[in-house]
Amino acid sequence: MTILKVIAVLLTGFFVGLTLEGIARKIMARVQRRYGPPWYQNFIDVFKALSKRGISHGWIFDFGILMALGGVIATLAFVPLGDLVAFPGLDNIFIIVYLFAVGALGMAMGMVGSGNPNASIGVARALTQMLGYELPYLISIAGVLYYYKTSSVSGLMMAQQDTWTLFKMPIGGIVAFVSLLGMLGKKPFDTPIAPAEIASGPMVELSAKYMGLLMLMHTFSIFVEIGLFVDIFLGVSNYFTFLLKFTIVWIIATLISSVLPRFRIEQVVKFYWKVPLSLAFVQVLFVLLGWVF
Amino acid sequence: MISLTNLILVFLFGSVVSYLLTKSNRVLGSIFNFLLTAYALYEIWNLNINYSEKLFGLFNNLESTFKVTYLGKYFALVSMIIISFVAFFIIEWIKKKGIKPAAFNAFMLIMISGVLGVFFANDLLTLYIFWELAVLGSFLIVPMGKEDSKKAAVIYAVTSAIGSYMYLYATFAIFKRYGVLSFEQVSQQLVNDSSLFKWFIILFIASAGIAKSGIFPLHTWLRITHGNAPDAFSAVLSGQLVKMGSYVLAIAISVFPTVQMFSSFYHGIPLLNYLLIWLGNISILIGTFMAIRQNDMKQLIAFSSIANGGYILVGLGTMNSIGYAGGLFHVFNHAIAAAMIFLSFAAVVYRTGTTKIDEMGGLIWRMPWTFVTYLVGIISLAGIPPTSGFISKWMIFSALVNKGMFITLAITFIGSVGSFLYVFRPLAGVFLGQLKRKHADVKEVPGIMLIPMLLFVVLVLFIGVYPKPVLDYISSIEKVLGIKPISYSGFEIVTPLGKWNTLTVFTMFAVGFIIATVLYLIFPRGKRVELTDQYTGGDYLYNYDLYHYATGFYRFIERLYDRHPSFEKLYGMLAVFFRSIGDIVTDLIYKPSPSGYVFWISVVILIIYWVRW
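Chain A is annotated in an unreviewed UniProt entry as NADH dehydrogenase of Thermosipho affectus. In its Subcellular location (unreviewed entry) section, UniProt records this for chain A: "Membrane".

This is the structure we're talking about:
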């Protein structure tokens, strides 16, 4: 049973994730008054990339990519998609956040293993950005955990029977959403990628199947990041309402990112530590005082 | 079974034997050292709890005894695992020229006898005696490292002395007031005492631990001492000796039950513990941000030891079932992780002779197993599952969320995310990227050095999947100390906030990896190209050594706190101040007439004697 559920989660991640990425490209194009690629363009991209013969920079390069994809797949299995929970009771929020770091570390290691300084700069920026967004995110989540007295993600979801956490703790919800933009690497927080400055940063040496595998990893990570936000802040959902909420959050994030320019990396950290972090502390103060709607 | 006194005597006499043996043959002496430590590990493993033994009696009412407690045995086991593995590593490492091998081996054994005495002492005075023995042994080893390591040894001894003299002062004060020194009697007296005296006692005893485990404000020695000590000894220093400080801290706040002695300040945390938690917080911040700046890999991990000492203190300070367990578990995790990392650095230095990150690069192609050790070590240090490092961090986070301590929580998160940043720097700078031309014919270190490193890898992964052996000890310790023991069953650890299963996580991780590998294998193989074949945006590469990005890796974030306040500078200023006073005294009094100098000294001594300070 668990195996079937894990497979269902992964297949949802694959099909819905790639479809949504295609739709996001379309939406972004329309905002920028272009026609845009068809919605299934990302499926074409992934399979085409996977089928080509590329170049590899040695075993650590390959191993890093395997670790990145493997880590993210493992993480995704623990994220509840509405009522589709592969590991009931064991879907601890800290497990998900930290297991997710395996993927990030794997990617960072493999890409720096390619030996291109652009990749190293991109990774250094990505880690710094992580220092920026993780802090407000985790603090606002900690407020939620403290309030509901559970750290199981599905438990948090089921605890919102009467009102959504987003309405109970609006400031925390906003902080988590802003942090989510940074996690997704959406503009204005796409400094690690920055194609114009550092040639796509970590991805600079990727080609063919390596590129394809990392595109898959990216799709799955989007699922982990937004999925957590939906589960924790947007009320009880079953599988289908989960996907609906997921799509809405994803589209809002895309719309915001399609009109904004890019921060510099130290601006990212400064921003996150000034505004969202203080707001997160305000929120947990409210939680401690019992001012929850 | 050998008695504890005899075990310690064996080490003390063994140091003489080891000295003579090493004089005749370096390897032989080191093998002797390893056998002795392995034997001690075996003996300690088999020690019965509550076994006690009289060492000597000074006065009628003051006896020095050894007693085996769960807490002491836990620390002793962790220490002896680290020390015996490092001793095995040293068998090959000692062949390197540059240090005095005979003295090194002898002092090592003296240090170990001190360490064992500390963990089994049953009263404050015995603990102090063996503490100083351990400090003496390690203090004499430190100057055998780099050129300026003599200064490092002095700084180490002075900082350690600040802590241990405060401790000694507290010991005398206790004896004067109550006439007892054993832990149980003292804690009984302290619980019943209502005056402010207990504040001063606990803080002074804790200060020995603060100095030793590198907690702010006595943290400055770690960078200098860890960075300059002999490479293999840094593993013992950071992995084991620093944990002696954590042991004394654990004694100060849990064997002397602070919960019963001080009024609750915040969610059941006594005021004194709250102060200590804040010292831990500051240590985490300093350790993390300063580690990000370092270009010397040993100093980088030394700063990380400061941060992890802070973690342990925060965990222990909560004095709650899960937080205290997290602190104790972190002792084990950081000990193993730091030993792994320092041993892999020792291996790197053994082959390349430098500790500067930007002077290396691409060593993964020459030293893959060293790289594996380092990688698993940093994964555990950064607290990523499925290694054991995650378990303790998760426990500490859970305890802090549960108590609603959000600022401390934020700081521990900074320490945790920041650790990704700083451990990645040596990973990228030393092991990945282009191989420097001067390191083209570097080889992997010999098998004898690899065995302990890879055993550590196995240990970290094993405890990460099956933490029961360590949790058994921790729950027994908590039971004895009157804290509610943690609940766990086999692979599952439970807190009031929820649970998780180590085996499920490991299995899922393996499954994810297998899926990724299958995907990787079914699609066409890529062409293998050299690291010199790069996308350069059209530029022509003529110097591959310079194409490796390692200098100023995090410059953009360092810039944000370039002008930070520094305690190192403050202590430096104090040192200059005292030196200039000394100079003035020398010039004014000593140089004109040494006899006058002696006269004035005698007057001062007489005044002190008369006033009886």
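(A) The overall build of chain A, seen in detail. Scanning chain A from terminus to terminus reveals 12 helices and one strand. Scanning chain A from its N terminus toward the C terminus, one meets helices and strands in the order α-α-β-α-α-α-α-α-α-α-α-α-α. Computed over C-alpha atoms, the radius of gyration of chain A comes to 19 Å, within 12% of the 19 Å expected from 2.2 N^0.38 for 293 residues, which places it in the range of a compact globule. In terms of principal-axis extent, the alpha carbons of chain A reach across some 55 × 45 × 40 Å. Within the span of chain A, comprising 293 residues, buried residues form 65% of the whole. Taking all contacts inside chain A whose residues are at least 6 apart in sequence as the whole, residues at least 24 apart take part in 81%. When the accessible surface of chain A is totalled, it reaches about 10000 Å², and 71% of it is carbon and sulfur. Here chain A contributes 20 positive and 13 negative side-chain charges, whose respective centroids are spaced 8 Å apart.

(B) Quick look at the nonpolar core. In this structure, Trp93(B), Leu127(B), Ile205(B), Phe233(B), Phe256(B), Met395(B) and Phe424(B) are the most contacted members of the largest nonpolar core, which totals 320 residues. The contact partners of Leu127(B), leaving out residues within four places of it in the chain, are Val118(B), Ala121(B), Tyr167(B), Phe183(B), Tyr247(B), Val248(B) and Ile251(B).

(C) Spatial organisation of the environment of Glu147(B). Examined against the element boundaries, Glu147(B) turns out to sit in the loop between helix 5 (124-141) and helix 6 (149-178). Taking C-alpha positions, Glu147(B) is 8.1 Å from Asn228(B), a pair spaced 81 residues apart along the chain.

(D) Broad picture of the packing of aromatic side chains. Residues and elements named next belong to chain B. Here the structure, examined in full by the defined rule, presents 66 aromatic pairs over all chains. The interplanar angle of 65° and the centroid separation of 4.9 Å between the aromatic rings of Phe34 and Phe88 together place this pair among those described as edge-to-face. Of this pair, Phe34 sits in helix 2 (residues 26-45) while Phe88 sits in helix 3 (residues 70-93), and the two are 54 residues apart along the sequence. Ring geometry for Phe390 against Trp500: centres 5.0 Å apart, planes inclined by 80°, an arrangement best described as edge-to-face.

(E) Quick peek at the interface of chain B and chain A. Facing 75 residues of chain B, the contacting portion of chain A comprises 79 residues. Here chain B packs against chain A, burying approximately 6800 Å² in sum over the two surfaces, 79% of which is carbon and sulfur. The interface formed by chain B and chain A includes one salt bridge. The set of elements that each furnish at least two residues to the side of chain B that touches chain A consists of helix 15 (368-381), helix 16 (389-403), helix 17 (406-431), strand 7 (498-501), helix 20 (502-522), strand 8 (527-528) and helix 21 (555-558) of chain B. With 14 residues, the top contributor of residues to the side of chain B that touches chain A is helix 17 of chain B. When grouped by side-chain class, the residues that make up the side of chain B that touches chain A number 51 nonpolar, 15 polar and nine charged.

About the criteria used
- Residues numbered from 1 in each chain as written.
- Chains lettered and ligands numbered in written order.
- Predicted model: local features only at pLDDT ≥ 70, side-chain atom pairs only at ≥ 80, totals over all residues.
- Heavy atoms only, no water.
- UniProt positions renumbered as here; feature names shortened; annotations may be inferred.
- Helix = DSSP H or I, 4+ residues; strand = E, 2+ residues; numbered from the N terminus.
- Rg over C-alpha atoms; globule rule 2.2 N^0.38 Å.
- Buried < 20%, exposed > 50% of the residue type's maximum accessible area, 1.4 Å probe, protein only.
- Contact = heavy atoms within 4.5 Å.
- Areas by Shrake-Rupley, 256 points an atom, 1.4 Å probe, with all protein chains shown as cover.
- Lys, Arg positive; Asp, Glu negative; His and termini not counted.
- Charge placed at Lys NZ, Arg CZ, Asp CG, Glu CD.
- Core = buried A, V, L, I, M, F, W, Y, C linked by side-chain atoms within 4.5 Å.
- Phe/Tyr/Trp six-rings, centres within 6.5 Å; stacked < 30°, edge-to-face > 60°.
- Buried area = accessible area lost by both parts, 1.4 Å probe.
- Salt bridge = Lys/Arg side-chain N within 4 Å of Asp/Glu carboxyl O.
- Nonpolar A, V, L, I, M, F, W, Y, C, P; charged D, E, K, R; others polar.

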